[in-house]
Structure formats: C-alpha cells, structure tokens
Amino acid sequence: MNPFTMMKDAKNMEKMMKPALEKFMLDSGFVKKDELIKLEKRIHFLEKQLKKIS
C-alpha cells in the first residue's frame with residue numbers, strides 16, 4: 001500500500017462526492033450559515049422599514 005496513492009484516491013473521492021452532497025443538502029432544506037445570516041439581516045432591515053411606514 002502506497003500512502004501517496006491512497007491520498008490521491010481520497011482527494012478524487014472528495015471531488016466526486018462534494019457536488020452530490022451539496023445537491024442533497026439543498027434538496028433536503030439545509031442552508032449554509034452565511035446564507036442564513038444574510039437572510040436574517042435582510043428580514044431585520046425590512047422589519048425596520050415597515051415600522052417606519054406604520
């Protein structure tokens with residue numbers, strides 16, 4: 001067993017699995033934390049806008 005070829009194989013598996021995992025996460029409703037923070041900030045901004053109008 002050559003450790004260098006094992007690492008190379010692991011990298012190739014990661015490259016193949018990453019898009020599938022991201023698609024699964026999107027389809028199942030998981031959200032990345034950065035996207036969630038952006039949306040929360042937008043909600044707070046819109047709530048402030050509504051309070052000013054009311």
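Use the structure listed above.
Residues numbered from 1 in each chain as written. Predicted model: local features only at pLDDT ≥ 70, side-chain atom pairs only at ≥ 80, totals over all residues. Heavy atoms only, no water.

Q: How would you summarise the overall build of the protein chain if you had to cite specific residues and measurements?
A: In terms of helices and strands, the protein chain carries two helices and zero strands. For 54 residues, the compact-globule estimate of 2.2 N^0.38 gives 10 Å, and the C-alpha radius of gyration of the protein chain, at 21 Å, exceeds that figure by more than 25%. Each principal axis of the C-alpha distribution contributes one length, and for the protein chain these read about 70 × 20 × 10 Å. Residue burial in the protein chain is summarised as follows: out of 54 residues, 0% are buried. Here the protein chain holds 13 positive side-chain charges and 8 negative ones, and the gap between their average locations is 6 Å. (Helix = DSSP H or I, 4+ residues; strand = E, 2+ residues; numbered from the N terminus. Rg over C-alpha atoms; globule rule 2.2 N^0.38 Å. Buried < 20%, exposed > 50% of the residue type's maximum accessible area, 1.4 Å probe, protein only. Lys, Arg positive; Asp, Glu negative; His and termini not counted. Charge placed at Lys NZ, Arg CZ, Asp CG, Glu CD.)

Q: Outline the pattern of salt bridges, supporting the account with residue identities and numerical values.
A: Under the criterion given, the structure shown has one salt bridge. The partner of Asp27 in a salt bridge is Lys23, with the nearest N and O atoms 2.9 Å apart. Of the two residues, Asp27 and Lys23 both sit in helix 1 (residues 3-28), four residues apart, roughly one turn of that helix. The two residues Asp27 and Lys23 agree in class, both being exposed. (Salt bridge = Lys/Arg side-chain N within 4 Å of Asp/Glu carboxyl O.)

Q: So what's going on with helix 1? Which residues, and what values?
A: For an α-helix, 3.6 residues make a turn, and residues three or four places apart therefore share a direction. Taking 1.5 Å per residue, 26 residues should reach 38 Å; helix 1 reaches 36 Å between its end C-alpha atoms and fits that length. Counting buried positions over the 26 residues of helix 1 gives zero, only a small fraction of the element. For helix 1, the N-terminal capping position is held by Asn2, with its side-chain oxygen 3.0 Å away from the main-chain nitrogen of Phe4. Looking at the residues trailing helix 1, positive phi occurs at Gly29, about 100°. (Expected span 1.5 Å × (residues − 1). Polar contact = N/O pair within 3.5 Å; in protein donor to acceptor, adjacent residues only side chain to side chain.)

Q: Account for a nonpolar patch on the surface, naming residues and giving values.
A: Together, Leu21, Phe24, Met25 and Phe30 make up an exposed nonpolar region whose accessible area comes to about 420 Å². Turning to its location among the elements, Phe30 is positioned in the loop between helix 1 and helix 2 (33-53). (Patch = residues over 30% accessible without salt bridge, like charges linked within 9 Å, V, L, I, M, F, W, Y side chains within 5 Å. Areas by Shrake-Rupley, 256 points an atom, 1.4 Å probe, with all protein chains shown as cover.)

Q: Help me get a handle on the environment of Leu50, residues and values and all.
A: Structurally, the position occupied by Leu50 is in helix 2. For Leu50, a relative accessible area of 55% puts it in the exposed group. When the C-alpha atoms of Leu50 and Glu35 are compared, they prove to be 23 Å apart, with 15 residues separating the residues in sequence.

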